[in-house]
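# Residue-level structural notes
Single-letter residue listing:
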Amino acid sequence: MCGIFAYLNYNVSRERLYILEVLFNGLRRLEYRGYDSSGIALDADAQLPSPASPSASPSDARPYAGAPPLVFRQEGKIENLVRSVYSEVDEKDVNLDAAFSVHAGIAHTRWATHGVPAPRNSHPQSSGAGDEFLVVHNGIITNYEVLKETLTRHGFTFESDTDTEVIPKLAKFVFDKSHDEEGDVTFSQVVMEVMRQLEGAYALIFKSPHYPNELIACKRGSQLILGVNELSGQQNGKSFHDVKTLTTNGKPKELFFSSDLCAIVEHTKNYLALEDNEICHIKDGSVSILKFDPHKEKPASVQRALSVLEMEVEQIKKGSYDHFMQKEIHEQPHSLKTTMRGRLKDGGVLLGGLKEYLKTIRRCRRVVFIGCGTSYNAALAARPFVEELTGIPVTMEVASDLLDRQGPIYREDTAVFVSQSGETADTLMALDYALENGALCVGITNTVGSTLSRKTHCGVHINAGCEIGVASTKAYTSQIVAMAMMALAIGSDQISTQARRDTIISGLNNLSSNVSEVLKLDVEMKELASSLIDSESLLVFGRGYNYATALEGALKVKEVALMHSEGMLAGEMKHGPLALVDENLPIIVIATRDACFSKQQSVIQQLLSRKGRLIVMCSRGDASAVCPSGSCRVIEVPEVADCLQPVINIIPLQLLAYHLTVLRGFDVDQPRNLAKSVTTQ
């Protein structure tokens, strides 16, 4: 969803041009999250005679010293904002060479939820004339209408349609009231009182000319990262015991806030993820963290350690590829190796994150897989072999539907939450629901330090590496493999399944090389895509292990190629979908070797008898078995252990979706209306 980025340099001279480029580049790193407008705010020169904000006039009597901040907002892509900023600074004769030894800048990419994409609805949102308080926000304020009515009665005028605008105006209201009653009030006291009034999920960064060179961040529900780059005597490769102790030394440093680690990795590897209800205050180069409790007047000071980020800058660059989605599809042999690295040992599976809970899971009443979108499909692909290897009943829940129904979750259940980002709003709310009901909660995520990984009792990091493309590819296959290893670990006490487990482990050891083989179908999939470019719809039939493959393949085509596509259970073909079959509608049938192979052969014959336009995916050497008449197009893939076949079978469909998108002229990495990390309901 929305992306937040902030940069504060302390005791080190930085020119305004440099600061601008750091902010712009931070936003570029967050583009993949999805957005439709963007904005930044930074300091003006003290001698500027008039404010940069369109909401103020030069005649305003400002309640603070110095010039108002420079605020820029623009609809559309970040490059629109960049052009707009440089055009405006030329018009206003802003000095880009001006140097600041201390400076705080904030930036934001907005994904519209309240109000259309437009500069007035873009962030930073302002408190009004003079921009006394500026806020960037990720999330949704659920009680904004009540707050808006209250503030309107107190004389505030609203210029945007957003829920966010109530926040800076509320901050000004709190500030003015405190000044009238008590005199001085600290920045953190203002923010605390604002938090006390807000309901919903949010990550916020505040900037104010009342508190120059200070930034405050806080969060409840949405992820927010602090990065620290000490410019002298930095202790690379080590964790620090307390971020406040580290930053109170007065040494030159750069501090960053970001919605995602991807935006700070090129600056520093020292970071911490803020917890819910924490307030992070940067003042005089020092970081203070307070724990907000709505029932207490004063917050508690918190000691937090910095972690060291295990990510390289190369992971967030395209390299020789044209798009991130293309890169991530072709990275899968490597990403699967890293998912399994150190976990397949001595003919068994070792998952450190689950080790202490395996006995509890084995005794559970049922396993409940909970996820959304691609993560749900990965769990669906894992369900058959989790049931087979553990003997535990497995049920599937779409997170939003579980919440809508308030479906039963019991203390004896093991609830497994699957999310690439670990920040998916519906999944996290379902997690809170399961925790309230006393279930053992297991997390499967790609993001170390995410909310999901912190809130669950135990779990498995899939270690697929940073995924930038909105359409998930390598995370999907790594999720399946992670859940396969989880099933092997849970079922490792059963003698009756030993031979089956050995077969699967052998298949896992060879999986990366088989994925490399199937990636050689790239050119063939491009040719297939060119034959489908004018089609309006696509059906994908699968069953057994590959029902999830059908759903995920159709989802990929839908997401990026913007073509109507449906994944269907082949066993349900005669119960309605058969009416759609004619010589024009392309239909992909997944018929690789498994227990459902003969049933899929029957499906193919029924579709051919109705002149269906068939594309059949089969195991290598099975072309004549699935299509003896030679009247359908065949995609042959390597044969692996049946429960691992979905990892192989999805890759040609990922390639097909990619090439369809390129040929149809759509944006591959940032498809229309979609966001990478869905942090709102």
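Residues numbered from 1 in each chain as written. Predicted model: local features only at pLDDT ≥ 70, side-chain atom pairs only at ≥ 80, totals over all residues. Heavy atoms only, no water.

### So, helix H4 (residues 166-182)
For H4, which comprises 17 residues, the first-to-last C-alpha distance of 23 Å matches the rise-based estimate of 24 Å (1.5 Å per residue) to within 8%. Within the span of H4, buried status applies to Val166, Ile167, Pro168, Lys169, Leu170, Ala171, Lys172, Val174, Phe175 and Ser178. Against the buried residues of H4 lie strand E5 (125-126), strand E6 (134-141), helix H3 (144-153), helix H5 (187-197) and strand E7 (200-207). Positive backbone phi, at 90°, marks Gly183, one or two positions downstream of H4. (Helix = DSSP H or I, 4+ residues; strand = E, 2+ residues; numbered from the N terminus. Expected span 1.5 Å × (residues − 1). Buried < 20%, exposed > 50% of the residue type's maximum accessible area, 1.4 Å probe, protein only. Contact = heavy atoms within 4.5 Å.)

### Examining the sheet that holds strand E11 (residues 270-273)
Sheets are built from strands paired through backbone hydrogen bonds, the pairs being either parallel or antiparallel. In spatial order, the strands read E3-E2-E4-E1-E10-E9-E11-E15; together these eight strands make up an open sheet with antiparallel pairing. Here the strands that pair on one side only, and so sit at the sheet edges, are strand E3 (70-75) and strand E15 (307-308). Strand contacts of helix H1 (residues 16-29): strand E1 (3-15), strand E2 (37-42), E3, strand E4 (99-110) and strand E10 (253-258), with the helix running at about 155° to E1, the strand carrying the most contacts. Its contacts with the sheet put helix H2 (residues 78-91) on E2, E3 and E4, and the angle it makes with E3 is roughly 140°. (Pairing = 2+ DSSP bridges. Axes fitted to C-alpha atoms, helices over the stretch in contact; angles between N-to-C directions.)

### Thoughts on the packing of aromatic side chains
Evaluated as defined, the whole model comprises eight aromatic pairs. Ring centres of Phe133 and Phe187 lie 6.3 Å apart, and the angle between their planes is 55°; on these two criteria the pair is classed as tilted. Of the two residues, Phe133 sits in the loop between E5 and E6 while Phe187 sits in helix H5, which places them 54 residues apart along the sequence. As far as the burial class goes, Phe133 and Phe187 line up, both buried. Taken together, the aromatic side chains of Phe5, Tyr7, Tyr18 and Phe256 make up a single cluster linked through ring pairs. In this structure, Lys169 is placed above the aromatic ring of Phe158, and the distance from its NZ or CZ to the ring centre is 5.3 Å. One residue, Arg365, lies across the ring of Tyr410, its end atom 4.2 Å from the ring centre. (Phe/Tyr/Trp six-rings, centres within 6.5 Å; stacked < 30°, edge-to-face > 60°. Lys NZ or Arg CZ within 6 Å of the ring centre and 35° of its normal.)

### Focus: the pattern of salt bridges
This structure, assessed with the given rule, holds 31 salt bridges. With a shortest N-O distance of 2.6 Å, Lys207 and Asp43 are connected by a salt bridge. Here Lys207, found in strand E7, pairs with Asp43, found in the loop between E2 and E3; they are 164 residues apart in sequence, far enough to count as distant. Assessed through its relative accessible area of 4%, Lys207 is described here as buried. Its relative accessible area of 16% is what places Asp43 among the buried residues. Linked by salt bridges that have partners in common, Lys219, Asp276, Asp432 and Lys455 make up one network. (Salt bridge = Lys/Arg side-chain N within 4 Å of Asp/Glu carboxyl O.)

### Overview of the domain arrangement of the chain
Structurally, the chain comprises domain 1 (2-48 + 61-232 + 254-314), domain 2 (321-515) and domain 3 (520-680). If you average the C-alpha positions of domain 1 and of domain 2, the two centres end up 35 Å apart. Each side of the interface is counted separately: domain 1 has 14 residues, and domain 2 has 14 residues. The junction of domain 1 with domain 2 conceals about 900 Å² of combined surface from both sides, 50% of it contributed by carbon and sulfur atoms. (Domains from an automatic or database assignment. Buried area = accessible area lost by both parts, 1.4 Å probe.)

### Concerning the environment of Ala625
By the secondary structure assignment, Ala625 is in helix H20 (residues 623-626). When its relative accessible area of 30% is taken as the criterion, Ala625 is described as partly exposed.

### Things to note about the state of the cysteines
Scanning all chains against the criterion turns up two disulfides. With its sulfur 2.4 Å from that of its partner, Cys262 forms a disulfide with Cys466. Between Cys262 and Cys466 the sulfur-sulfur dihedral comes to about 85°; the bridge is accordingly right-handed. A residue pair is termed long-range when its members are at least 10 positions apart, and Cys262 in the loop between E10 and E11 and Cys466 in the loop between strand E22 (458-461) and helix H14 (474-490) qualify at 204 residues. The buried category is assigned to Cys262, whose relative accessible area is 2%. Sequence-ordered numbering of the bonded cysteines in the chain gives a pairing of 1-2, 3-4. (Disulfide = S-S within 2.5 Å.)

### Digging into the side chain of Thr414
Looking at the element boundaries, Thr414 is found in strand E20 (residues 413-419). Those residues within four positions of Thr414 in sequence are excluded, and the remaining contacts are Ile361, Cys364, Arg366, Val367, Val368, Leu440 and Val442.

### Notes on the side chain of Glu31
Following the sequence through the fold, Glu31 ends up in the loop between H1 and E2. Lys77 is the oppositely charged side chain nearest to the buried, salt-bridge-free Glu31, at an N-O distance of 5.2 Å. Within the structure, Glu31 has its side chain in polar contact with the side chain of Tyr35 (distance 2.6 Å). Once residues within four sequence positions are removed from consideration, Glu31 is found in contact with Ile78 and Gln670. (Lys, Arg positive; Asp, Glu negative; His and termini not counted. Polar contact = N/O pair within 3.5 Å; in protein donor to acceptor, adjacent residues only side chain to side chain.)

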